[in-house]
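Working through the structure, step by step
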Amino acid sequence: MAESTGDLAALFDRFADEIGRAAPTYGTICRGVATEAGVLSILDGVPDPQRRPVLLLAAVHHLLLDAPDEPLADHYPSISGQPGDGDPVAAFIEFCDRRRAEIVELVSSRSTQTNDVGRATLVRIALPSTDPPARAPLGLIDLGTSAGLNLHLDRFSYRYHDEGGAEVVLGDGSPSLDCLVRGGSVSEVAPSSPVDIGLRIGIDPNPIDTSDPDQARWLKACVWADQVERLARLQAALDTVAGYRHEALILRGSGPDRLEEAVAESRAARCHPVVINTWSFTYYEEPERVRQLDMLDRLGAEGDLTWIFLEAPNETPELPWGAVDTSTSLSVLRRIDYRSGLRDETTIGIAHPHGRWLDAMAR
């Protein structure tokens, strides 16, 4: 059931509380428009999982990236290069009123793209080792893949470091990603060997074709306007992957609809299937989540498989969280290994949603 305007207003208020420090421009805007029924009504008719502040913010950002002379753009660091003077709320409301038809079209036809390349630092830690060399290469299957950038995580470079000053550096690609390991030694947590990827498959209801400038702009628009570093990292990943897009197979559809096909492709290629979802299950309806979980268990019983997920337990209580407190809104990194019909679960740690740090629990 769609939320009422009052519920949506409360959602904008909560979102402002959550992001105010990391994204002050967006925090101010969300707080200011929470009482603006006209602005909130732009999200009327949008499916419940997408009826969120981030979709409205992305739609406005998308238009501004193509119109940097708009007064509102002065308040967006992603466009102006620095935080604007004054309160952006009035300019945001005026922009939404004047360009309402375009914004409504965007929120009606697009979906937020949440597959941040920074999460590759966490997935890289969680990947099963491909040592010894006789072990099968990995078949990455990324649910909610967006543009498929993280399917190329072996082409990035990584710096893992701990609070004691030790560090581990892997690869020499771009972007260069950084992750602070807290609560443990980086040598015990960081990967110790190269990763061998034999197959790359992405699944997404609305995949992004980055060769299309409009779609690439939407991908950038989904990055919060305050987070200029994330935009630079995204652009570096786009540049790196541009020459390798043909190596990834992108399937249009939901995980439950296409996962079985993807796992079959991986096994046919003699690869070990590794299913990944990072902040994508929160956009599934509950029946889809249950169907997905049942399918993973069945596929794992049929043959070896690894499942890695980074999600917020309070948003996705259906997931197998083990001893993790399901009321927490923090991102938790878990891995489930299906081997010879047996299932083994590991909580790797609590993490920053974009991979900046990991509080290690186990390895």
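Residues numbered from 1 in each chain as written. Predicted model: local features only at pLDDT ≥ 70, side-chain atom pairs only at ≥ 80, totals over all residues. Heavy atoms only, no water.

**A look at the overall build of the chain**
Here is the rule we go by: Helix and strand labels come from DSSP, where a helix needs a run of H or I of at least four residues and a strand needs a run of E of at least two; each type is numbered from the N terminus. Computation of the radius of gyration draws on C-alpha atoms, with the globule rule given as 2.2 Å multiplied by the number of residues to the power 0.38. For every residue, the accessible area obtained with a 1.4 Å probe (protein chains only) is divided by the maximum for its type, and the residue is called buried under 20%, exposed over 50%, and partly exposed between those limits. Using the Shrake-Rupley algorithm and a 1.4 Å probe, accessible areas are obtained, with residue cover drawn only from the displayed protein chains. In summary, the charge assignment counts Lys and Arg as positive and Asp and Glu as negative, without counting His or the chain termini. For this purpose, a charge sits on NZ of Lys, CZ of Arg, CG of Asp or CD of Glu.
The secondary structure content of the chain amounts to 13 helices and 11 strands. Since a compact globule built from 363 residues should have a radius of gyration of about 21 Å, the 20 Å found for the chain is in line with a globular shape. Burial statistics for the chain: of 363 residues in total, 55% are counted as buried. Within the structure as shown, the chain displays about 15,300 Å² of accessible surface, and the carbon and sulfur contribution to it stands at 49%. Once the 34 positive and 56 negative side-chain charges of the chain are each reduced to a mean point, those two points are 4 Å apart.

**A few points about the layout of surface pockets**
The probe, sized like a water molecule, is rolled over the atoms to show the empty space still left. Here is the rule: We place a 1 Å grid over just the protein atoms. Points where a 1.4 Å probe fits but has no way out form a cavity, open points with protein on both sides within 12 Å along at least 5 of 7 lines form a pocket, and any residue with an atom within 4 Å of a point lines it. Grid points are joined across faces, edges and corners, and a volume is the space filled by probe spheres set on the points. Note that Gly is not counted as nonpolar here; it falls among the polar residues with everything else outside the nonpolar set of Ala, Val, Leu, Ile, Met, Phe, Trp, Tyr, Cys and Pro and the charged set of Asp, Glu, Lys and Arg.
A volume near 1,400 Å³ is recorded for the largest pocket. For the largest pocket, the lining is made up of 46 residues, of which Phe 15, Glu 18, Arg 52, Trp 279 and Glu 315 are closest to its centre. Elements represented by at least two residues in the lining of the largest pocket include exactly α1 (5–19) and α4 (53–65). Top element by residues in the lining of the largest pocket is α1. It accounts for five residues. Considering only residue class, the lining of the largest pocket consists of 22 nonpolar, 10 polar and 14 charged. Taken as a whole, the second largest pocket encloses approximately 430 Å³ of empty space.

**Considerations on the packing of aromatic side chains**
Short version of the rule: Two rings from Phe, Tyr or Trp (for Trp, the six-membered ring) form a pair when their centres are within 6.5 Å of each other. A pair whose planes differ by under 30 degrees is stacked, one over 60 is edge-to-face, and the rest are tilted.
Under the defined criterion, the tally for this structure stands at seven aromatic pairs. Arranged with centres 5.8 Å apart and planes meeting at 90°, the rings of Phe 15 and Trp 224 form a pair that is edge-to-face. Of the two residues, Phe 15 sits in helix α1 while Trp 224 sits in the loop between α10 (213–221) and α11 (228–241), which places them 209 residues apart along the sequence. Judged by relative accessible area, which is 17%, Trp 224 ranks as buried. Both rings, one in Phe 309 and one in Trp 321, keep their centres 5.2 Å apart while their planes meet at 80°; by these two values the pair is edge-to-face. You can see Phe 309 sitting in strand β8 (residues 305–311) and its partner Trp 321 sitting in the loop between β8 and β9 (331–339), a full 12 residues away along the chain.

**So, empty space enclosed by the protein**
A complete count under the given rule lists two cavities of 30 Å³ or more for this structure. By volume, the largest cavity amounts to about 140 Å³. Asn 115, Asp 116, Val 117, Leu 219 and Leu 234 are the residues nearest the centre of the largest cavity, which is lined by 16 residues in total. Per-element tally for the lining of the largest cavity: the top contributor is α11, with three residues. Its volume calculated, the second largest cavity comes out at about 60 Å³. The wall of the second largest cavity is formed by Asn 115, Val 123, Leu 140, Asp 142, Asn 150, Leu 151, Leu 153, Ile 276 and Thr 278.

**As for the nonpolar core**
Threshold: Note on terminology: a nonpolar core comprises buried Ala, Val, Leu, Ile, Met, Phe, Trp, Tyr and Cys residues joined through side-chain atoms within 4.5 Å. Contact criterion: two residues are considered in contact whenever any of their non-hydrogen atoms come within 4.5 Å of each other.
Residues Val 60, Phe 92, Ile 103 and Leu 153 are the most contacted members of the largest nonpolar core, which totals 86 residues. Among the elements that make up this core, the one with the highest residue count is α4 (nine residues). Setting aside its immediate chain neighbours within four residues, Ile 103 contacts Ile 42, Leu 56, Ala 59, Val 60, Leu 63, Phe 95 and Cys 96. In this structure, Ile 141, Ile 201, Leu 259 and Phe 281 belong to the second largest nonpolar core, which totals 24 residues.

**Points about the confidence of the model for the chain**
Detail in the predicted coordinates should be disregarded across regions flagged by low pLDDT. Using the following cut-off: Confidence scores per residue from the predictor, reported as pLDDT, run from 0 to 100.
Confidence in the prediction for the chain averages 93 pLDDT; 97% of positions are at 70 or higher. Across the chain, helix α6 (residues 89–98) holds the top mean pLDDT of 98, while α1 sits lowest at 90.

**Examining the packing of helix α2 (residues 24–33) against α4**
Put simply, the rule reads: Lines fitted to C-alpha atoms define the axes here, with helix axes fitted over just the stretch in contact, and angles between the N-to-C directions of these axes take values from 0 to 180 degrees. Convention used here: angles under 35 degrees read as roughly parallel, angles over 145 as roughly antiparallel, angles from 65 to 115 as roughly perpendicular, and any remaining angle as oblique. Two helices that cross are described as forming a left-handed crossing if the nearer one is turned anticlockwise from the farther one by less than a right angle, and a right-handed crossing if clockwise.
Where α2 contacts α4, the axes come no closer than 12 Å and their chain directions differ by 115°. On the basis of their axis angle, the class for α2 and α4 is roughly perpendicular. In this structure, α2 crosses over α4, and the sense of that crossing is right-handed. Facing Tyr 26, Ile 29 and Cys 30 of α2, the residues of α4 in contact are Pro 53, Leu 57 and His 61.

**Thoughts on the pairing of strand β5 (residues 197–204)**
Short version of the rule: When DSSP finds two or more bridges between a pair of strands, those strands are recorded as paired.
Among the eight residues in β5, six count as buried, and that is most of the element. In the sheet, strand β1 (residues 138–143) pairs with β5 via six bridges, with the strands oriented parallel. Across the sheet, residue Leu 143 finds its bridge partner in β5, namely Ile 203. Of the pairings in the sheet, the one linking β5 to strand β6 (residues 248–252) comprises five bridges and is parallel in character.

**Let's talk about the sheet that holds β8**
Taken in spatial order, the 11 strands of this open sheet run β3-β2-β4-β11-β10-β9-β8-β7-β1-β5-β6, and their pairing is mixed. On the outer flanks of this sheet lie β3 (167–170) and β6, each paired with one strand and no other. Each adjacent strand pair in this sheet contributes to an overall mean axis angle of 20°, direction not counted. The pairing of strand β10 (residues 342–351) with strand β11 (residues 357–360) spans three bridges and is antiparallel. Opposite Ala 351, over in β11, you have Leu 358 as the bridge partner. The strands that helix α12 (residues 255–268) touches are β1, β5, β6, β7 (272–278) and β8; relative to β5, the one it contacts most, it runs at about 170°.

**Some words on the pattern of salt bridges**
For clarity, the threshold we go by: Salt bridge, as applied in this entry: a Lys or Arg side-chain nitrogen positioned within 4 Å of an Asp or Glu carboxyl oxygen.
One pass over the full model with this rule turns up 28 salt bridges. In this structure, the salt-bridge partner of Arg 99 is Glu 102, at a minimum N-O distance of 2.8 Å. You can call Arg 99 buried: its relative accessible area is 15%. When its relative accessible area of 36% is taken as the criterion, Glu 102 is described as partly exposed.

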